[in-house]
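Below are the chains, spelled out letter by letter.
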Amino acid sequence: RSHTRPAYNSEVHATRDMGVGELNNCYEDAELADTIVSVGNNPLETQTNYFLNHWIPNLRGTSMDKKKAQLPDEPHANGRIIFVDPRRTVSVNAAEAEAGKDNVMHLAINSGTDMVLFNAWLTEIAAKGWVDKAFIDASTTGFDKAVAANKTSLEDAAKITGLTVDQIKQSAAWIAEPKEGKRRRTMIAYEKGLIWGNDNYRTNAALVNVALATGNVGREGGGCVRMGGHQEGYVRPSDAHVGKPAAYVDKLLIEGKGGVHHIWACDHYKTTLNAHQFNMVYKKRTDIVKDAMNAVPYGDRDAMVKAITDAIKAGGLFSVDVDIIPSKIGAASHVWLPAAESGEMNLTSMNGERRMRLVERYMDPPGNAKPDCLIAAGIAQNLERVFREMGDAKYADQFKGFDWKTEEDAFMDGYHQNAKGGENVTYERLRAMGNNGFQEPSTGFEGGKIVGTKRLYTDGKFGTKDGKATFMEAAWRGLQAPGKEEQKKNNKFLINNGRANIVWQNAFLDQNSEFVMDRFPYPFIQMSPDDMGELGLKNGDLVEVYNESGSTQAMVYPTPTARKGETFMLFGFPTGVVGNVINAGTNELILPNYKQTWANIRKISDAPESVKHLSFKSTEYQAG
């Protein structure tokens, strides 16, 4: 298992199924757009450089010269921005401070109702004739069917989302109303609020429908993109063998299935859904194997192997953890394989505009730590050897070809041979490209440089068999994941959750950082002062967050802009795991819903000693 998903699948199946790769524009498009739409995305905190260097110049008007130079035949104004988010974030505050409130629209929808808003946008835009008919006719299929199937009136959308009719109409106009006869350029960016939210596959599709209808994919100032939370630079074989839907691995493990579990660079104990039950069952099953291993005399290898296999047959689980640091789930594992990290190995990575670079090794990894690819190669080489010795040549052949000695061997065997344009890319050429690298996919090698692709789909050809992007039917069906509606009825508070700027990702190395852990000894939970008053809570008090799925703890952070009954808790933190109260419900493709979670809250204690020195001032600021 890798990442924080309970299955081997994509987070953005829908946009890919529609033929639109999720990283399809370039960062400069945020400077060229007439309107930026930010969905479930808090870019000042979680994509700070991108937001400050590319979004803010447009909102301030300092990218105006670039707009006029690159797009001379149309009128330009300072950029506008629409935020779709149930809570007011620091990004909304920053945009208002820099652009002025008249150029910022915050659509504080009822949690999980994004799809209704997007379908209402599509309905309104189609009814007004603000679509790009030429693009739709030449480069897409299924438009009329999608508009009919997803039809949502302004009044119905307002009722479900909690917005006003005027808010929905005005935001649709900001997205698509022509500017003096020219099509409006709108960039749409989304992240975990959508990806890990209600009915995520269909919600993703409903948003891409809007971008396609307005012709805002493959053009300057456009794009419908995820923010790209991870530095990645890989190519992998087809996942067709996995199937669709992929197996719900967490559920299988809880049911006692599977005998050996490999974990690569993630910590389910902190980040999976239904974490309370998962953690209990995982420890119980791995302890069966540990108890059996502890009963074997030291040095008796054959007896140890038999003890492990017998324990697995009796319901135990053998766990292998590959990571750069000890993890919570690693404490339950039987084998740790220490991995090297960036700087300790040669690493190819890309960012949210598909810009690939080579970060070269500049120090040795500790002890026996190795790059992940060489750990995988070592496992494959050993499996091939063992199966050949057993006389099972057919099975052994599945592990052929992993004779890698270096990271570059793995890169050449994988990316160079299999990625689109990979034949143009080598370590030597990446070194020559320096920190700017190139934007994937490569289209050639000329003048000593890798030629990249600034934007995808500029030719109107998409990633489907016929080259046409496919509109998708995505009608509203309420809170989709099993158990969510019941959880909402039985518990008082929405426990929205996500990441914060000061904590890197899931607090990997930060959990050992005195600076970070001094600021947040416990995960914060942002609450309305009115809710705090009703529960008798003060700044920094320790509370239990609990429901039918489990319980966790957090420290109270007063947030005047928080709506009553709605909270926001830090995700993936070691001293309070929000996953304990997130139920096991997923959509049909086993995509999890972390965001729509409800629980009750009660006081554990006054602010502990480790909290009393902290500031709980507002995170908002005033410009000037």
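Owing to the predicted nature of the structure, the values given are computational and were not obtained by experimental measurement.

**Description of the pattern of salt bridges**
Here's step 1: Across all of its chains, the model carries 44 salt bridges by this definition.
Here's step 2: Two residues, E191 and R226, come together in a salt bridge whose shortest N-O distance is 2.8 Å. One end of the pair, E191, is in the loop between β5 (186–190) and α12 (192–195); the other, R226, is in strand β6 (residues 224–226), and 35 residues separate them in sequence.
Here's step 3: For E191, a relative accessible area of 8% translates into the label buried.
Here's step 4: We note a salt bridge from E389 to R385, for which the minimum N-O separation is 3.1 Å. Taken together, the residues span about one helical turn, with E389 and R385 both in helix α18 (residues 372–389) at a distance of 4 residues.
Here's step 5: When its relative accessible area of 59% is taken as the criterion, E389 is described as exposed.
Here's step 6: Within this structure, R5, E11, E191, K192 and R226 form a network of salt bridges that share partners.

**Things to note about the pairing of strand β18 (residues 542–547)**
Here's step 1: For β18, the buried fraction is high: 5 of the 6 residues fall into the buried class.
Here's step 2: Relative to strand β19 (residues 550–558), β18 runs antiparallel, the two being bridged by 6 bridges. Counted as the bridge partner of E544 is Q553 from β19.
Here's step 3: Two successive antiparallel strands, β18 and β19, enclose a turn made up of 2 residues.
Here's step 4: Judged from the 5 bridges that link them, β18 and strand β21 (residues 598–605) form a sheet pairing that is antiparallel. Looking across to β21, one finds that Y546 is bridged to N600.

**Structural notes on empty space enclosed by the protein**
Summary: where empty space remains is shown by rolling a probe the size of a single water molecule over the atoms.
Here's step 1: All told, the structure shown has 3 cavities of 30 Å³ or more when counted by the stated rule.
Here's step 2: Lining the largest cavity, in full, are D267, K270, D323, I325, P326, S327, F508 and Q511.
Here's step 3: Here the lining of the largest cavity is built from residues that sort into 3 nonpolar, 2 polar and 3 charged.

**What to know about the domain arrangement of the chain**
Buried accessible area, meaning the area lost when the parts come together, often serves as the stated size of an interface.
Here's step 1: The domains assigned to the chain are domain 1 (13–230), domain 2 (240–350 + 355–371 + 406–451) and domain 3 (484–611).
Here's step 2: Between the C-alpha centres of domain 2 and domain 3 there is a distance of 29 Å.
Here's step 3: With 17 residues of domain 2 at the contact, the number on the domain 3 side is 25 residues.
Here's step 4: Of the roughly 1,700 Å² buried where domain 2 meets domain 3, counting both sides, 63% is carbon and sulfur surface.
Here's step 5: At the surface where domain 2 touches domain 3, the tally comes to 0 salt bridges.
Here's step 6: Where domain 2 meets domain 3, there are 7 residue pairs in polar contact (both at pLDDT 80 or more).
Here's step 7: Of the residues in the side of domain 2 that touches domain 3, the class split is 8 nonpolar, 5 polar and 4 charged.

Criteria and cut-off values
- Residues numbered from 1 in each chain as written.
- Predicted model: local features only at pLDDT ≥ 70, side-chain atom pairs only at ≥ 80, totals over all residues.
- Heavy atoms only, no water.
- Salt bridge = Lys/Arg side-chain N within 4 Å of Asp/Glu carboxyl O.
- Helix = DSSP H or I, 4+ residues; strand = E, 2+ residues; numbered from the N terminus.
- Buried < 20%, exposed > 50% of the residue type's maximum accessible area, 1.4 Å probe, protein only.
- Pairing = 2+ DSSP bridges.
- 1 Å grid on protein atoms, 1.4 Å probe; cavity = no way out; pocket = protein on both sides within 12 Å on 5 of 7 lines; lining within 4 Å.
- Points joined across faces, edges and corners; volume = space filled by probe spheres on them.
- Nonpolar A, V, L, I, M, F, W, Y, C, P; charged D, E, K, R; others polar.
- Domains from an automatic or database assignment.
- Contact = heavy atoms within 4.5 Å.
- Buried area = accessible area lost by both parts, 1.4 Å probe.
- Polar contact = N/O pair within 3.5 Å; in protein donor to acceptor, adjacent residues only side chain to side chain.

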